[in-house]
Every structure is written in structure tokens, then in C-alpha cells.
Amino acid sequence: MSMSIFDTVYQNTPPWEIGRPQKAFVDLAAAGEVTGSVLDVGCGTGDHALYFAEEGHEVLGIDTAALAIQKAEEKAAARGLRAQFLVWNALDLAGLERTFDTVIDSGFFHVLSDEDRSVFRESLAAALAPGGKYLMLCFSDQNPGDYPLPRRIREREIRETFLDGWRINSIRPAVFENAIQPEGHHAWLASISRAGRG
């Protein structure tokens, strides 16, 4: 999928923008899974980044959609929260020239093409400190119906993407909340650590 489509999407409110962080990430934070500095890839209008900033984390949110980043910065200013936002491509995280203890991903992985998954994995390795965690929520293949996007991901695809140099801590069923279906969509919630110690 071309990322340029998201510039158009954010002229309105896309269904994944629910005005708050996904419960899955709030629960991870409550369980102590989110530590240190946080990078939010595909941050949209910043609800997750701002939540973690409010929790006391140093946070950077990135997105290719300039309008989404503008809205995120406006939210941060309105709430008096310190969070940094950049228009940036998650396939070039090495270009940030910094590392993070935790990388969160709410709905980015499932927009990647098969070819871009390996590019993203290498990009992620450049930005995640050794021993750091990648926490990812994506659409799962358990969703019924026939529609092309977002892609529905099989658990096996996640495992095959993160082999050498990674440790999969857990992949479990979860809910991807949205503004259309009150019950949400079936999702996978994955916790994956970069090999090595910080």
C-alpha cells in the first residue's frame, strides 16, 4: 500500500482514530511492559504517544502523514504534554540516529507489503536498544469477510518475520478497537524483544 494515501485519509477521522489509546496498550503499560523511552511508529494523531508521555516516558511519534503529525502536535500543545512528533518513514528508523527501549505499533505492521516486512525488521533493529521490546497490535486472520485492506495477518507470518536476532515473548489474541464496530476487530498482540542486553 502506498503510504501517501494516509495524507488524504487524515483530512477526516479514520476509523482507527478513537480519541484514546487502544486498551491493549493501556493494559501492557499497567503490566509494566512499556519501559524507558518510547517510539510510536505510525502514530497517527498521537493518542498512544501522548498517553505514554503522560505516564512519564520520553516519547517520539512518527508518521508519514504530515496532517496526522500536525494534529498530534496540536493535541500535545493543548494538553501541555512533552512529546516529540516527526514526519518520518518507519522503514528508515536508522536515520533517526537514536535508540529506544520500547517501540509500539498500533496498526502499522499490517499495512506493510511482504517485501517491506524485512525492510521494517532491519529498520526496527536500528532503533530498538538491545533487549528492548517491540509491542505490536495488528489485524488478525480471524476476522471474517472478504475485503482487501487492512491485510489480515497470520500468527505464523509474525513469527517468520522475526527470527534471527529476535525473541518472541508472546503473541496472543486481542481486540483492535475502532469507531465503526463496537466489538472491535480480531487482532494479534505481540511482544518481541531484540536480542542482546541493554
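The structure presented is a predicted model; accordingly, all values stated were derived computationally and were not measured.

1. Examining the packing of helix 2 (residues 23-30) against helix 3 (residues 47-54)
To describe two helices that pack against each other, one gives the angle between their axes and the distance between the axes.
Now for step 1: Taken N-terminus to C-terminus, the directions of helix 2 and helix 3 make an angle of 20 degrees; their axes are 11 Å apart at the nearest point. On the basis of the axis angle, helix 2 is roughly parallel to helix 3. Between helix 2 and helix 3 the crossing geometry is right-handed. Contacts between helix 2 and helix 3 involve F25, V26 and A29 from the first element and H48, Y51 and F52 from the second.
Now for step 2: When grouped by side-chain class, the residues that make up the contact of helix 2 with helix 3 number 5 nonpolar, 1 polar and no charged.

2. What to know about the packing of aromatic side chains
Now for step 1: Overall, the coordinates contain 7 aromatic pairs when judged by the stated rule.
Now for step 2: Relative to F162, the ring of Y134 has its centre 5.5 Å away and its plane inclined at 40 degrees; by these criteria the two rings are tilted. You can see Y134 sitting in strand 5 (residues 128-139) and its partner F162 sitting in the loop between helix 6 (155-161) and strand 6 (166-176), a full 28 residues away along the chain.
Now for step 3: The buried category is assigned to F162, whose relative accessible area is 2%.

3. Quick notes on the nonpolar core
Now for step 1: Core analysis: the biggest nonpolar cluster contains 28 residues, and L39, V41, L93, F109, F120, Y134 and I158 have the highest contact counts within it.
Now for step 2: Of all the secondary-structure elements, those providing two or more residues to this core are strand 1 (38-41), strand 2 (59-63), strand 4 (100-106), helix 5 (114-127), strand 5, strand 6 and strand 7 (185-194).
Now for step 3: Discounting chain neighbours no more than four positions away, the residues touching V41 are I62, A90, L93, V103, I104, D105, F108 and F120.
Now for step 4: Core analysis: the next-biggest nonpolar cluster, separate from the first, contains 27 residues, A24, L28, A76 and F176 among them.

4. Structural notes on the environment of T45
Now for step 1: Structurally, T45 is set in the loop between strand 1 and helix 3.
Now for step 2: Its relative accessible area of 5% is what places T45 among the buried residues.
Now for step 3: One polar contact links T45 to K75, side chain to side chain, over a distance of 2.8 Å.

What counts, and at which threshold
- Residues numbered from 1 in each chain as written.
- Predicted model: local features only at pLDDT ≥ 70, side-chain atom pairs only at ≥ 80, totals over all residues.
- Heavy atoms only, no water.
- Axes fitted to C-alpha atoms, helices over the stretch in contact; angles between N-to-C directions.
- Helix = DSSP H or I, 4+ residues; strand = E, 2+ residues; numbered from the N terminus.
- Parallel < 35°, antiparallel > 145°, perpendicular 65-115°, else oblique.
- Left-handed = near helix turned anticlockwise from the far one by under 90°.
- Contact = heavy atoms within 4.5 Å.
- Nonpolar A, V, L, I, M, F, W, Y, C, P; charged D, E, K, R; others polar.
- Phe/Tyr/Trp six-rings, centres within 6.5 Å; stacked < 30°, edge-to-face > 60°.
- Buried < 20%, exposed > 50% of the residue type's maximum accessible area, 1.4 Å probe, protein only.
- Core = buried A, V, L, I, M, F, W, Y, C linked by side-chain atoms within 4.5 Å.
- Polar contact = N/O pair within 3.5 Å; in protein donor to acceptor, adjacent residues only side chain to side chain.

Any link to function would need more than the numbers given here.
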